[in-house]
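Listed here are the chains, written in short residue letters.
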Amino acid sequence: MILDYLNNFGVEALKPHNEYGTFKFADLTNDGLDEIILYQGYHGMDIIGCQAGKYQIIYGVLFWGAWPGGVELIADVNHDGTNEIVINQGYASQGGHTYEVDEWDGREFRNIVEQRESSDNQWFGNLSVNATGRIEFKDLNGDGIQELILHQGIQLIGEVWYDFGPWRDATDTYSWNGSQYVFVNEEWSTPEYRFQATQDGDRLFKKGDYDKALGMYQLAITSPTLKWWGNAIREYNQTTEYMTPAEAALVPYPPEDKNAYAALSAYAYFRIMLLYLVQGHEAEARDVYNIIERRDMSAESYEAFGLLAQSFWDEYLNSKNLASPCQKAITFTTDHQTAILQYLGNMSNSNLGNGIFYGEQSLTYEPEDVCPVK
């Protein structure tokens, strides 16, 4: 009926009959004529346009989840003369939702965001965020073209502590390369737990951002406010999640596992030593190694890192390259996986025992991750 009406009277005749907001109007194909966006209730939406002199459905979107989505933005964000349409595809029961960013290419609408197969924030090939997540466009470098910024947000469900572990926001930035938006950077919100600081250091190390990586490793060593995380904390949160404050006050908070700080600080020193060597600063690396050797070895977990550093450094003095000593470090870690890996993050082998669940956002560590230089 709508198509018949449009073909008989045109889009301008339909606009006065939109008192309930059933339609949206915008020129999405850059032909000077408005397309019609028709919401189909909870099911999805259709885009109707004039092609070859006839109005027809030129694109359809199926909504998913517990609540329907809708159009978030219509604008020429990449400054190419054609409006893009940002569509929220729907909400899960706990608020998570997904976006697609589409543009008309002359024949059809296409998603213009790079598909990142290995990214944690991809559902159904599109951009997904948690309950408080959102998408925005902002010109970060002043070139008139807006970058795509995806705020992943945090989970808000009560089960967050035992299904997901510690959660924090991350911001992904995508830049326009002339044909699509491509991922260029990810930044995490301020660490709350000490293991998050070392993991941020590892992420930055991998990117080659050594100055920021150094800052995160130093934060893990020196910060008096970063919290410790362990299975005991997770169990405490599970127990008290739905208690009243008065009830929760009767549950003793678990005492800090001192081995956690010993291991994470020792690991941070080891990575700082490696960071200096990667940059060719042998004198600074030697100073850090001497700090490791002088540290108190009474903590069982720290002793393992002291031996790890020693095996690495002895081989480095012999080879004067990084591939051989890193292989030594990997071999040592393989033989002592629980002692070295258990406080860093999730361990890939669940049969190792003594594993700690750090949550779905945590890095997963294998021996090769301790010394990732070839």
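Higher on the page you've got the structure.
Residues numbered from 1 in each chain as written. Predicted model: local features only at pLDDT ≥ 70, side-chain atom pairs only at ≥ 80, totals over all residues. Heavy atoms only, no water.

Caption draft 1: How the structure looks around the overall build of the protein. What the protein contains, in helices and strands, is 13 helices and 16 strands. Relative to its length of 374 residues, the protein is extended, with a C-alpha radius of gyration of 27 Å against a globular reference of 21 Å. Dimensions of the protein, computed from the C-alpha atoms along their principal axes, are close to 85 × 55 × 35 Å. Of all 374 residues assigned to the protein, the portion counted as buried reaches 48%. Taking all contacts inside the protein whose residues are at least 6 apart in sequence as the whole, residues at least 24 apart take part in 50%. (Helix = DSSP H or I, 4+ residues; strand = E, 2+ residues; numbered from the N terminus. Rg over C-alpha atoms; globule rule 2.2 N^0.38 Å. Buried < 20%, exposed > 50% of the residue type's maximum accessible area, 1.4 Å probe, protein only. Contact = heavy atoms within 4.5 Å.)

Caption draft 2: Expanded view of the sheet that holds strand β1 (residues 23-26). With antiparallel pairing, the four strands of this open sheet are ordered in space as β1-β2-β3-β4. Both edges of this open sheet fall to β1 and β4 (54-62), since each of them pairs with a single strand only. The mean angle between the axes of side-by-side strands here comes to 25°, regardless of whether they run parallel or antiparallel. Across four bridges, strand β2 (residues 35-39) lies against strand β3 (residues 44-51) in antiparallel orientation. Among the inter-strand pairings, isoleucine 36 is bridged to a residue of β3, identified as isoleucine 48. (Pairing = 2+ DSSP bridges. Axes fitted to C-alpha atoms, helices over the stretch in contact; angles between N-to-C directions.)

Caption draft 3: Molecular detail of the packing of aromatic side chains. A full pass over the atoms with the stated rule returns 17 aromatic pairs. A centroid spacing of 5.1 Å and a plane angle of 10° characterise the contact between tyrosine 289 and tryptophan 313, whose relative ring orientation is stacked. One end of the pair, tyrosine 289, is in helix α9 (residues 282-294); the other, tryptophan 313, is in helix α10 (residues 300-319), with 24 residues separating them in the sequence. Each member of the pair, tyrosine 289 as well as tryptophan 313, is classed as buried. For lysine 15, the ring lying beneath its charged end belongs to phenylalanine 25, and the centroid distance is 5.5 Å. The positively charged end of arginine 271 is found above the aromatic ring belonging to phenylalanine 205, 4.6 Å away from the centroid. (Phe/Tyr/Trp six-rings, centres within 6.5 Å; stacked < 30°, edge-to-face > 60°. Lys NZ or Arg CZ within 6 Å of the ring centre and 35° of its normal.)

Caption draft 4: The arrangement of the sheet that holds strand β11 (residues 134-138) in detail. Spatial strand order, β11-β12-β13-β14: four strands in an open sheet with antiparallel pairing. On the outer flanks of this sheet lie β11 and β14 (181-188), each paired with one strand and no other. When strand polarity is set aside, the average angle formed by the axes of neighbouring strands in this sheet is 20°.

Caption draft 5: Structural detail: the nonpolar core. Counting 56 residues, the largest nonpolar core has Phe270, Met273 and Phe312 as its most contacted members. The set of elements that each furnish at least two residues to this core consists of α4 (194-207), α5 (210-222), α8 (258-278), α9, α10, α11 (323-335) and α12 (337-341). Ranked by residue count, the leading element in this core is α8, at 15 residues. If sequence neighbours within four positions are ignored, phenylalanine 270 has contacts with Ile292, Leu308, Ala309, Phe312, Ala329, Val370 and Cys371. Core analysis: the next-biggest nonpolar cluster, separate from the first, contains 15 residues, Val77, Val86, Val113 and Ile135 among them. (Core = buried A, V, L, I, M, F, W, Y, C linked by side-chain atoms within 4.5 Å.)

Caption draft 6: Layout of helix α6 (residues 231-240). Within the sequence span of α6, burial applies to Ile233, Tyr236, Asn237 and Thr240. Taken down its axis, α6 places every buried residue within 95° of arc, on the same side. (Arc of directions from axis to C-beta.)

Caption draft 7: Spatial organisation of the packing of α5 against α8. Viewed as axis vectors pointing N to C, α5 and α8 meet at an angle of 155°, and their least axial separation amounts to 8 Å. Taken as axis vectors, α5 and α8 run roughly antiparallel relative to one another. Between α5 and α8 lies a crossing of left-handed hand. Contact residues: Tyr210, Ala213, Leu214, Tyr217, Gln218, Ala220 and Ile221 in α5; Tyr261, Ser265, Ala268, Tyr269, Arg271, Ile272, Leu275, Tyr276 and Val278 in α8. Residue composition of the contact of α5 with α8, by class: 13 nonpolar, two polar and one charged. (Parallel < 35°, antiparallel > 145°, perpendicular 65-115°, else oblique. Left-handed = near helix turned anticlockwise from the far one by under 90°. Nonpolar A, V, L, I, M, F, W, Y, C, P; charged D, E, K, R; others polar.)

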